[in-house]
Amino acid sequence: MKPMQVQSEPNRSSLPEAPKGKWLTSLWFGGCLAATWLTAQTPDNTATHANPAANISASRPDHSTAGPPMALDLQQGWLQTNTADLELRLTKAGQILISLRPRGSTFDFLPSDQLEFRARPGFHHWCDIILRVRPAGESNWTEWSSARAARVVHALESSPGAIAVADLDPSLPSDFPVSIRRTWAVDQGHLVLRFDLRNRANETVEIGGLALPAVFNNLIHNFVTRRARSLEETHETCVFFDPYPGCDAGYVQVTRLNGEGPALLVIPWGQTSFEAWQPLREPARPMQTFEGTFAWTVHSRAWTEQEWSPAEPWNPPTSIMLAPGETRSYGLRFVPAGDIRDLDAALMRAGRPVAVGVPGYILPMDLEGQLFLHYGQKVREIKADPPGAIEVIPFQPPSAGWQAWRLKGRHWGRARLTVTYDDGLRQTIHYYVIKPMPDVVADLGRFLFTRQWFEDANDPFGRSPSVMSYDRETDRILTQENRVWIAGLSDEGGAGSWIAAACKLFAQPDPDQVQKFERFVNEVLWGRLQYSEGDLQYGVRKSLFYYTTNDIPGFTYDPALDWRSWTSWSEQEARSVGRGYNYPHVVIAYWTLYRLARYHPGLVQSHPWEWFLDQAWQTVMFLTSRTPEGRARVGYVNWGLMQGSVFVELLRDLQREGWADKANAMEQRMRQRAERWARQPYPFGSEMAWDSTGQEEVYLWCKYFGFDRQARTTLQAILGYMPTLPHWGYNGSARRYWDFLYAGKIRRIERQLHHYGSGLNAIPVLHAYREHPADLYLLRVGYGGALGPLSNVDPEGFASAAFHSFPDSLRWDPYTGDYGLNFFGHVMTIGTYVARHPDWGWIAFGGEILASEPVLRVRPRDSLRQRFFLAPEALWLTLDAGRFDTVEYDPGNGRVRIALAPAEPFTPAAHLRIETTAPGATRRYQPATALPVVRGAFQISLSKDVTQIDLIPEDR
């Protein structure tokens, strides 16, 4: 193969122009242009995004088995060998790793079942390497990739410990300055892939790009059969992998979709830094059922000078100079782990650094974070970048095996800590510093109810007054979008902003904002977005905005937008009530106003609390209703719905109010759904072939009705796609990679960091933690997801749909999109969680420990300050109204004292609920003095001063 010449400044004008109306997006994959197009198809009346693989998909090659010649020679068979924990197969011709299985298992981490398809030219495998080099002092880079070369190698005699050794020089151009030797070996019991790079030229060579493709079976689409796998096959067969670009301490963790063991780590061998994570171009382009192939990037200077130049990289880009005759070696080790919770222990067993941040890696400025490091070497230095962004103060934790620091965020935005150990190893830990949580929520509310507040009495689509989607690049409301739902106040991408507004009021009621939101509900939602009369009464439209070729007086569609796609719904399509995912949005609006009217007297003016509660109930009943012929009136109702946890809250409030008939009717409908899930091996589906959002509702209803096996299956699946890593963007970030197509401005298939899956999936994970308070892994994952949505909010209050993770962008999307669902997850589960770790001592997620001996004293600093979990007692304290000021706990006698903040104008009383959540808890708590009970909560009159309440433990 002729190496690719890369100019010092890429000539973007030379890119092919996209055919107007066809191409949805284009992007750079590892220096190559990839493209995704929009196919013009019309969904049925019950679907918006049904079968996205057909509607919005990657540009597709011929996936039939006939076609180009095979690039891999599979006819000569393979070499099979074992390590202590893994069974592996290498092709005899080419020495390509094609299978990697736990010993004694049929499960494969690699896509061995797709070899018939992936043996063609252009696909990457474990064996490949990508290089960009140039003579020292020159400006242009030359790229060579073994995946695009003839796979001709010269097998060499194996040295002790080696499985297979090959010289790649037969594949290299004669004038390429670097010689490459590849070795598969077993080192310290682990499989190792090593490359020795030797400068065979007569002048010094700069290596500015070095990437090692990481190929695992994330192929939810079966390219051999040309169809998506079933949910059962997907969860049993496929894996996800998450990067931690932590330089010398970086790694990739590989987890099964079912969340069960075994798991796998890929860690550095020798001096193999993990600098960046880049997508690669292949014949099978990314789509909803295939996220793509990626590469561990060791040196990234060549890419950051070129395709990635607009972005701020995770780590400073590097290159190395190789003198004539000099050799430099790089490699990766494959380390098995028993299961997901064993990943940290597996790192320790392999002698690698482990970092744990409390409360994670998103750091509010008023909250003292903690960083715990475990490694066999002492820390020599910790530096913050930008300088002064994070203050770092060492302290000694109870265990001598850990080193620890207290952290204070000083400057808003991305920050990086670089840890240098005595042996020279450098580890980068990635943080995001934000304002104090309540301040972020207040900023968000101001932006929503001012900059995003839309008022136009002449709007022909009836969207005024409302909180609408926003474009941060143009700083204006999106009154038009050819994905009409974004401008139509429905679907996730259009309802997201007013959902966020409702949730802001739930967290921080503001009288003026409440008045505006009531106007939206009474003038737009009820009667326009939701039918208020006729056979469709309580049905929810797919969009208020639509496209028509008919003249609309006073309105002109933007001619710069392409209105020919299926996404530009007609008026008839927009009026459909068939998309079940739209109904929780409306219930949230009504339920929020019910709670505000019920617990904050005088705050809500337009209707009594009963009206809002009934509206929410009626909406759920329409969602789950059937036609006279017995067909479901609304689609997707048998799947878990995003934000479906609001239905659980609604049912509880119906029961507390004594609305027995309505509560029983709703409970029966929900039981029918849950019983259906109880019969399924993986009880969560979606309008997508695979999804990560229905699990929230499925888990909670399965717990409610006692289907614990299905709840556990759901929880484990969440852990399979929701990691904890020393990186603010990936920690607690539930996997999503296609919703930029539906709600983002930069439209492409791409891992979305802190998209709404983060907040929603935090709800079941933290629920599970409260049942199992000894399982700190759940707290780390869940709190990372719960805190994630606040990183989306900029200093003025604009909230982005998600962060772009590709190295050519690494920035927030300019659209608000579907952010509101993420914020819903935040306000429904954020709180202060306090635990005692055997190695770290007392730790608080979301709170400040004021004192720890002899009595623990904590001040909540989370957004709501209405939830407090004390892990040693599995004690869950929640407030329907009022706020915690401090909480004290005496471990000696178990007594708890809570201090409630003073009364506020619309909050004369607090409503306290006390629950012991762990099945094995030995004590329960009651107030020391008698208090009135209202709707199952203890009612406490507040004053202008702090009010103290003592709780005493009783044996269960």
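Residues numbered from 1 in each chain as written. Predicted model: local features only at pLDDT ≥ 70, side-chain atom pairs only at ≥ 80, totals over all residues. Heavy atoms only, no water.

A. Quick look at the sheet that holds strand β27 (residues 379–385). In spatial order, the strands read β25-β31-β30-β27; together these 4 strands make up an open sheet with mixed pairing. The open sheet has two free edges, formed respectively by β25 (362–364) and β27, since each of these has just one partner strand. Between one strand and the next, the sheet's axes are offset by a mean angle of 30°, whatever the strand orientation. For β25 and strand β31 (residues 426–434), the ladder comprises 3 bridges, and the chain directions are parallel. Bridge pairing in β31 places P364 opposite I434. (Pairing = 2+ DSSP bridges. Helix = DSSP H or I, 4+ residues; strand = E, 2+ residues; numbered from the N terminus. Axes fitted to C-alpha atoms, helices over the stretch in contact; angles between N-to-C directions.)

B. Region of interest: helix α17 (residues 756–771). The first and last C-alpha atoms of α17 sit 24 Å apart over 16 residues, in line with the 22 Å expected at 1.5 Å per residue. The axis of α17 is deflected most strongly, by about 30°, at A762, and proline P764 appears within four residues downstream. Most of α17 is tucked away, with 16 of its 16 residues classed as buried. (Expected span 1.5 Å × (residues − 1). Bend = angle between axes of the 7 residues up to and from the residue. Buried < 20%, exposed > 50% of the residue type's maximum accessible area, 1.4 Å probe, protein only.)

C. Up close: the packing of helix α7 (residues 491–507) against helix α8 (residues 511–525). The N-to-C vectors of α7 and α8 enclose an angle of 140°; their axes lie 10 Å apart at closest approach. Relative to α8, the element α7 is oriented oblique. Like other packed secondary-structure pairs, α7 and α8 cross with a definite hand, here left-handed. Residues W498, A501, A502, K504 and L505 of α7 pack against Q513, V514, F517, F520 and L525 of α8. In the contact of α7 with α8, the residues fall into 8 nonpolar, 1 polar and 1 charged. (Parallel < 35°, antiparallel > 145°, perpendicular 65-115°, else oblique. Left-handed = near helix turned anticlockwise from the far one by under 90°. Contact = heavy atoms within 4.5 Å. Nonpolar A, V, L, I, M, F, W, Y, C, P; charged D, E, K, R; others polar.)

D. How the structure looks around the nonpolar core. Ranked by size, the top nonpolar core spans 270 residues in total, and within it W126, F216 and W498 carry the most contacts. The element that contributes the greatest number of residues to this core is helix α10 (residues 583–599), accounting for 11 residues. If near-sequence neighbours (up to four positions away) are discounted, W498 is found in contact with V467, L489, F517, F520, L525, L529, H585, V586 and A589. (Core = buried A, V, L, I, M, F, W, Y, C linked by side-chain atoms within 4.5 Å.)

E. Quick look at the sheet that holds strand β49 (residues 937–941). Strand order in the open sheet formed by 7 strands is β39-β38-β42-β43-β46-β49-β48, and the pairing between neighbours is mixed. Each edge of the open sheet carries a strand with a single partner, namely β39 (841–845) and β48 (933–934). In the sheet, strand β43 (residues 875–881) pairs with strand β46 (residues 909–916) via 6 bridges, with the strands oriented antiparallel. Its bridge partner being in β46, W876 is matched across the sheet by E915.

F. Expanded view of the confidence of the model for the protein. Summing up the model confidence of the protein, the mean pLDDT is 92 and the portion of residues at 70 or higher is 93%. Counting interchain partners and residues more than four positions distant, the pLDDT-below-50 stretch residues 7–66 has 147 contacts. (pLDDT = per-residue confidence, 0-100.)

G. Main features of the environment of W738. Structurally, the position occupied by W738 is in the loop between α15 (708–721) and α16 (740–743). In this structure the C-alpha to C-alpha distance between W738 and F290, which are 448 residues apart in sequence, comes to 9.9 Å. Ignoring anything within four residues of it in the chain, the contact list for W738 reads Q288, M688, W690, D691, I749 and Q752.

H. Summary view of the side chain of H585. Mapped onto the secondary structure, H585 falls in helix α10. Within the local environment of H585, its side chain forms a polar contact with the side chain of Q643, the two groups lying 3.4 Å apart. Contact partners of H585, with chain neighbours within four places excluded, come to D491, E492, A495, W498, I499 and Q643. (Polar contact = N/O pair within 3.5 Å; in protein donor to acceptor, adjacent residues only side chain to side chain.)

I. Quick look at the pairing of strand β6 (residues 86–91). As defined by bridge partners, strand β5 (residues 78–82) adjoins β6 across 5 bridges and the pair is classed as antiparallel. Along β6, the bridge assignment pairs Q80 with R89. Counted between consecutive antiparallel strands, the loop separating β5 from β6 contains 3 residues. What sits between the antiparallel neighbours β6 and strand β7 (residues 97–102) is a turn of 5 residues, in which G94 has the positive phi angle 100°.

J. Fine view of the domain arrangement of the protein. As far as domains go, the protein holds domain 1 (78–348), domain 2 (353–434), domain 3 (436–637) and domain 4 (833–953). Taking only C-alpha atoms into account, the centre of domain 2 sits 42 Å from that of domain 3. (Domains from an automatic or database assignment.)

K. Representation of the packing of α17 against helix α19 (residues 819–829) in the model. At a minimum axis distance of 5 Å, the contact between α17 and α19 shows a crossing angle of 25°. In terms of axis orientation, α17 runs roughly parallel to α19. Seen along the crossing, α17 lies across α19 with a hand that is left-handed. In contact with Y756, S758, G759, L760, A762, I763, L766 and R770 of α17, α19 contributes L821, N822, F824, G825, H826, M828 and T829.

L. Geometry of the pairing of strand β24 (residues 354–358). Extensive coverage of β24 is indicated by the burial of 5 of its 5 residues. Burial along β24 is two-sided: the face carrying V354, V356 and V358 and the face carrying A355 and G357 are both buried. Alignment of β24 against strand β26 (residues 369–374), held across 5 bridges, turns out to be antiparallel. Note that in β26 the partner of A355 across the bridge is L373.

M. Geometry of the packing of aromatic side chains. Taken as a whole and assessed by the stated rule, the structure comprises 74 aromatic pairs. Where F869 meets W876, the ring centres are 6.1 Å apart and the plane angle is 65°; that geometry is what we call edge-to-face. Note on F869: relative accessible area 0%, which makes it buried. Among the aromatic residues, ring-to-ring pairing joins W126, W184, F216, F241, F274, W277, F294, W296, F334 and F806 into one connected group. Taking the ring centre of F395 as reference, the NZ or CZ of R406 above it sits at 4.0 Å. Above the face of the W569 ring, K542 is positioned so that its terminal group lies 4.4 Å from the ring centre. (Phe/Tyr/Trp six-rings, centres within 6.5 Å; stacked < 30°, edge-to-face > 60°. Lys NZ or Arg CZ within 6 Å of the ring centre and 35° of its normal.)

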